[in-house]
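Fold and geometry: a report
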Amino acid sequence: QVQLVESGGGLVLPGGSLRLSCAASGSIFNIDHMAWYRQAPGKQREYVAAISPAGTTNYADSVKGRFAISTDNAKNTVWLQMNSLNPEDTAVYYCEILMYNPTNIAYDYWGQGTQVTVSS
């Protein structure tokens, strides 16, 4: 079993910044990637960004140039630096980890989410 604990959410003014963190613990093995998703009220969960253990990153178009994902493999921790926030970024942000065992079976875990509210 794997546990993901997110932190760093809160209320921020438009144009402000927040840094989210997600720490994974438990039976960690062969990580494919760690990622952030978000879900705004009344909307489906959407992809935000992902990072591989090698440091390869990928971003949704809506956050490119404003958000930066990073990781510490030794600590199984991923961060999301969010800059130039706007009200459309308001959502619950979820951390995800995807791992594969030696027989290529996928193990996908999610955190409980952390609320980010951008408002004046």
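Above: the structure in question.
The following paragraphs examine the structure supplied in this document. Since this is a predicted model, take the numbers as computed values, not measurements.

A closer look at unusual backbone geometry
For asparagine 30, which is not a glycine, the phi torsion comes out positive at approximately 40°. Topologically, asparagine 30 is positioned in the loop between strand E3 (18-26) and strand E4 (31-39). Under the relative-accessibility criterion, asparagine 30 is labelled exposed at 52%. Even without being a glycine, asparagine 76 presents a positive backbone phi close to 50°.

Things to note about the sheet that holds strand E1 (residues 2-7)
The four strands lie next to each other as E1-E3-E8-E7, forming an open sheet whose pairing is antiparallel. The strands lining the two open edges of the sheet, one partner per strand, are E1 and strand E7 (67-72). Looking at each pair of strands side by side, their axes are set apart by 15° on average, direction ignored.

A closer look at the packing of aromatic side chains
Under the criterion given, the structure shown has three aromatic pairs. Centre to centre, the rings of tyrosine 37 and tyrosine 47 are 5.6 Å apart; their planes meet at 75°, and the pair counts as edge-to-face. On the criterion of sequence distance, the pair formed by tyrosine 37 in strand E4 and tyrosine 47 in strand E5 (residues 46-51) is long-range, its members being ten residues apart. Grouping aromatic residues by their ring pairs yields a cluster made of Tyr37, Tyr47 and Trp110. Positioned above the aromatic ring of tyrosine 94, the side-chain terminus of arginine 45 is 3.8 Å from the ring centre. Residue placement shows arginine 45 over the ring face of tryptophan 110; its charged tip is 4.8 Å from the ring centre.

Rules used throughout
- Residues numbered from 1 in each chain as written.
- Predicted model: local features only at pLDDT ≥ 70, side-chain atom pairs only at ≥ 80, totals over all residues.
- Heavy atoms only, no water.
- Helix = DSSP H or I, 4+ residues; strand = E, 2+ residues; numbered from the N terminus.
- Buried < 20%, exposed > 50% of the residue type's maximum accessible area, 1.4 Å probe, protein only.
- Pairing = 2+ DSSP bridges.
- Axes fitted to C-alpha atoms, helices over the stretch in contact; angles between N-to-C directions.
- Phe/Tyr/Trp six-rings, centres within 6.5 Å; stacked < 30°, edge-to-face > 60°.
- Lys NZ or Arg CZ within 6 Å of the ring centre and 35° of its normal.

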